[in-house]
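Single-letter residue listing:
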Amino acid sequence: MLHIVNKSPLDRNSLDAVLGTGDGGAILLIEDGVYAATKGNAYEPKLKAAMAKFKIYALQGDLEARGISDRVTDGVAAVDYAGFVDLVADNKTNQSWL
Amino acid sequence: MSGDIKKFMMVNRKAPYGTIYALESLEVVLIAAAFEQDVSLAFLDDGVYQLKKGHQTKGIEVKGFEKTYGALEDYDVEKLYVDQESLTARGLTAEDLCVPVEVMSRAELGKLMEEQDVLLSF
Amino acid sequence: MKFGILVSEGPYTHQASDSAYQFTKAALEKGHEIFRVFFYHDGVNNATRLTTPPQDDRNIVNRWSKLAEQYNLDMVVCVAAAQRRGIVDEGEAKRNGKDATNLAPGFRISGLGQLIEAGIQSDRMVTFGD
């Protein structure tokens, strides 16, 4: 299953909600969700721990727009919109954690 | 509609009245039921506040919709799942809710999500 | 593969409509089919042709209209959500006694059943919101 998260984890609990609910699959960070994937962010240890269960992706355009594409946490895969489409196609279900 | 039945789950994570999502999501539930789909509702995080009984909306001059949850069973929508952890974190128990629900752990709710065809979040 | 798209926020305030547009465009360019784009909640505000953003900004409404024209997209605005927020086509104006219309080209107003139908007919449904 693909979990789509569009909120910063320091502002809202969307990503926490995914980690507490899901038991694996893929997480795609988009919009303000991409802040979760930055080095030195207070959420970084949680994200790294989550990598044991989830494959983490972040939308390249959203990283670049926010000036953080050069400090993406190791292990996070950047994807473009075409990659976003592939992730949706490759997973039977997806959930946007609004 | 050629008899297609899919499993639809409406995922509710937002409290009522502060935003319109809870109300407009109920409208989706009723339509999905009219299309005779396999509909379930999940309530977690602040979404559990939607079911807190005793809404009195006269003071804010907004139409209350607590009664609609009670009417869901008339539409054969009987699968209402509520996250235990979210209730506890808000000082609520199943007795505080306006309709009978199935309370389960977050992990169990997560498993149910995996089984759906369509997840709509509001 | 067949995709259905749900847009739950209006233009400009949230990025949701931008993300939905980029996703839809990328899916079409990859050869996927978009069964329908459904606009709900404040998402119906993406369908007003009266928006006039500054010239150096993207025109979100026109962009959707153009994409619809190019790919023959079915873009549906929820009637109940539209009535609440003042998105009106000729039929709605007549029915509700309004003196103007504002529905942009490429959009049509219809019922919530269109969202459920999109969920039934599409292989994947993706929601963009707040």
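I will try to describe carefully the structure that is included in this document. From a predicted model like this one, the values you see are computed outputs, not experimental measurements. (Residues numbered from 1 in each chain as written. Chains lettered and ligands numbered in written order. Predicted model: local features only at pLDDT ≥ 70, side-chain atom pairs only at ≥ 80, totals over all residues. Heavy atoms only, no water.)

1. Some details on the pairing of strand E3 (residues 75-78) of chain C
Residue and element names in this part refer to chain C.
Okay, so step 1: Neither face of E3 is left uncovered, since the one carrying Met75 and Val77 and the one carrying Val76 and Cys78 both have all their residues buried.
Okay, so step 2: For strand E2 (residues 33-39) and E3, the ladder comprises three bridges, and the chain directions are parallel. Among the inter-strand pairings, phenylalanine 39 is bridged to a residue of E3, identified as valine 77.
Okay, so step 3: Note that E3 and strand E4 (residues 107-110) share four bridges and pair parallel. What sits directly across from cysteine 78, in E4, is serine 110. (Buried < 20%, exposed > 50% of the residue type's maximum accessible area, 1.4 Å probe, protein only. Helix = DSSP H or I, 4+ residues; strand = E, 2+ residues; numbered from the N terminus. Pairing = 2+ DSSP bridges.)

2. Overview of the pairing of strand E3 (residues 79-83) of chain B
All names here are of chain B.
Okay, so step 1: Along E3, four of the five residues are buried, which leaves the element largely enclosed by surrounding structure.
Okay, so step 2: Taken together, the four bridges between strand E2 (residues 38-43) and E3 define a ladder with parallel strand orientation. By the bridge assignment, leucine 41 is partnered in E3 with leucine 80.
Okay, so step 3: For the segment spanning E2, helix H2 (residues 66-71) and E3, crossover handedness is right-handed.
Okay, so step 4: Where E3 and strand E4 (residues 102-104) come together, three bridges link them in parallel fashion. The residue of E4 that forms the bridge with valine 82 is valine 103.
Okay, so step 5: For the segment spanning E3, helix H3 (residues 84-89) and E4, crossover handedness is right-handed. (Right-handed = clockwise from strand over helix to strand, strands pointing away.)

3. A word on a negative patch on the surface
Residues and elements named next belong to chain B.
Okay, so step 1: A surface patch of negative charge is lined by Glu36, Glu73, Asp74, Asp76 and Glu78.
Okay, so step 2: The topology assignment puts glutamate 36 in the loop between helix H1 (21-34) and E2.
Okay, so step 3: For glutamate 36, a relative accessible area of 61% translates into the label exposed. (Patch = residues over 30% accessible without salt bridge, like charges linked within 9 Å, V, L, I, M, F, W, Y side chains within 5 Å. Areas by Shrake-Rupley, 256 points an atom, 1.4 Å probe, with all protein chains shown as cover. Salt bridge = Lys/Arg side-chain N within 4 Å of Asp/Glu carboxyl O. Lys, Arg positive; Asp, Glu negative; His and termini not counted. Charge placed at Lys NZ, Arg CZ, Asp CG, Glu CD.)

4. Things to note about the sheet that holds strand E5 (residues 94-96) of chain A
Residue and element names in this part refer to chain A.
Okay, so step 1: In spatial order, the strands read E4-E3-E2-E1-E5; together these five strands make up an open sheet with parallel pairing. The open sheet has two edge strands, strand E4 (77-79) and E5, and neither has a second partner. With direction set aside, neighbouring strand axes in the sheet form an average angle of 25°.
Okay, so step 2: Sheet contacts for helix H4 (residues 81-90): strand E1 (2-5), strand E2 (25-29), strand E3 (54-59), E4 and E5; angle to E4, the most-contacted strand, approximately 105°. (Axes fitted to C-alpha atoms, helices over the stretch in contact; angles between N-to-C directions. Contact = heavy atoms within 4.5 Å.)

5. What to know about the interface of chain C and chain B
Okay, so step 1: In this assembly, 20 residues from chain C lie in contact with 21 residues from chain B.
Okay, so step 2: When chain C packs against chain B, close to 1700 Å² is buried across both sides, 62% of that on carbon and sulfur atoms.
Okay, so step 3: Of all residues in chain C, the largest losses of buried area upon contact with chain B belong to His41, Ile116 and Ile120 of chain C, amounting jointly to 34% of the total for that side.
Okay, so step 4: With its nearest N and O atoms 2.8 Å apart, the salt bridge here joins arginine 84 of chain C to glutamate 24 of chain B.
Okay, so step 5: Where chain C packs against chain B, one counts ten residue pairs in polar contact (both at pLDDT 80 or more).
Okay, so step 6: At the level of elements, helix H3 (79-85), helix H5 (113-121) and strand E5 (124-128) of chain C are the ones that each hand at least two residues to the side of chain C that touches chain B.
Okay, so step 7: Ranked by residue count, the leading element in the side of chain C that touches chain B is H5 of chain C, at seven residues. (Buried area = accessible area lost by both parts, 1.4 Å probe. Polar contact = N/O pair within 3.5 Å; in protein donor to acceptor, adjacent residues only side chain to side chain.)

6. A look at the nonpolar core
Okay, so step 1: Core analysis: the biggest nonpolar cluster contains 86 residues, and Phe84 of chain A, Met10 and Leu120 of chain B together with Trp64, Val77 and Phe107 of chain C have the highest contact counts within it.
Okay, so step 2: A total of eight residues in this core trace back to one element, the largest contributor, which is H1 of chain B.
Okay, so step 3: In this structure phenylalanine 84 of chain A touches Ile4, Leu28, Ile30, Leu59 and Val79 of chain A together with Phe23 and Phe128 of chain C, once residues within four positions along its chain are discounted.
Okay, so step 4: Among the nonpolar cores identified, the runner-up in size contains 31 residues, and Leu29, Ala37 and Ala58 of chain A together with Ala42 of chain B belong to it. (Core = buried A, V, L, I, M, F, W, Y, C linked by side-chain atoms within 4.5 Å.)

7. Some words on the packing of H4 of chain A against helix H1 (residues 16-29) of chain C
Okay, so step 1: In the contact formed by H4 of chain A and H1 of chain C, the axes pass within 8 Å of each other and the chain directions differ by 80°. Here H1 of chain C runs roughly perpendicular to H4 of chain A, going by the angle between their axes. Residues Tyr81, Ala82, Phe84, Val85 and Val88 of chain A of H4 of chain A touch H1 of chain C, and the partners they reach there are Ser19, Gln22, Phe23, Ala26 and Ala27 of chain C.
Okay, so step 2: Across the contact of H4 of chain A with H1 of chain C, the residue classes tally to eight nonpolar, two polar and no charged. (Parallel < 35°, antiparallel > 145°, perpendicular 65-115°, else oblique. Nonpolar A, V, L, I, M, F, W, Y, C, P; charged D, E, K, R; others polar.)

8. Thoughts on the packing of aromatic side chains
Okay, so step 1: Counted by the stated rule, this structure contains twelve aromatic pairs over all chains.
Okay, so step 2: Here phenylalanine 39 of chain C and tryptophan 64 of chain C contribute two aromatic rings whose centre-to-centre distance is 5.4 Å and whose plane-to-plane angle is 90°, an arrangement assigned as edge-to-face. Linking phenylalanine 39 of chain C in strand E2 with tryptophan 64 of chain C in helix H2 (residues 60-71), this pair joins segments that are 25 residues apart in sequence.
Okay, so step 3: The class for tryptophan 64 of chain C is buried, based on a relative accessible area of 0%.
Okay, so step 4: Here a set of aromatic residues connected by ring pairs shows up, and it is made of Phe84 of chain A together with Phe3, Phe23 and Phe128 of chain C.
Okay, so step 5: Sitting over the ring of tyrosine 57 of chain A, lysine 55 of chain A keeps its end group 5.6 Å from the ring centre.
Okay, so step 6: Its end group placed over the ring of tyrosine 21 of chain B, lysine 14 of chain B keeps NZ or CZ at 4.2 Å from the ring centre. (Phe/Tyr/Trp six-rings, centres within 6.5 Å; stacked < 30°, edge-to-face > 60°. Lys NZ or Arg CZ within 6 Å of the ring centre and 35° of its normal.)

9. Re helix H4 (residues 106-114) of chain B
Okay, so step 1: All of the buried residues in H4 of chain B are Arg106, Leu109, Gly110, Leu112 and Met113 of chain B. Seen from one end, H4 of chain B has its buried residues packed into an arc of 160°, which puts them on one side. (Arc of directions from axis to C-beta.)

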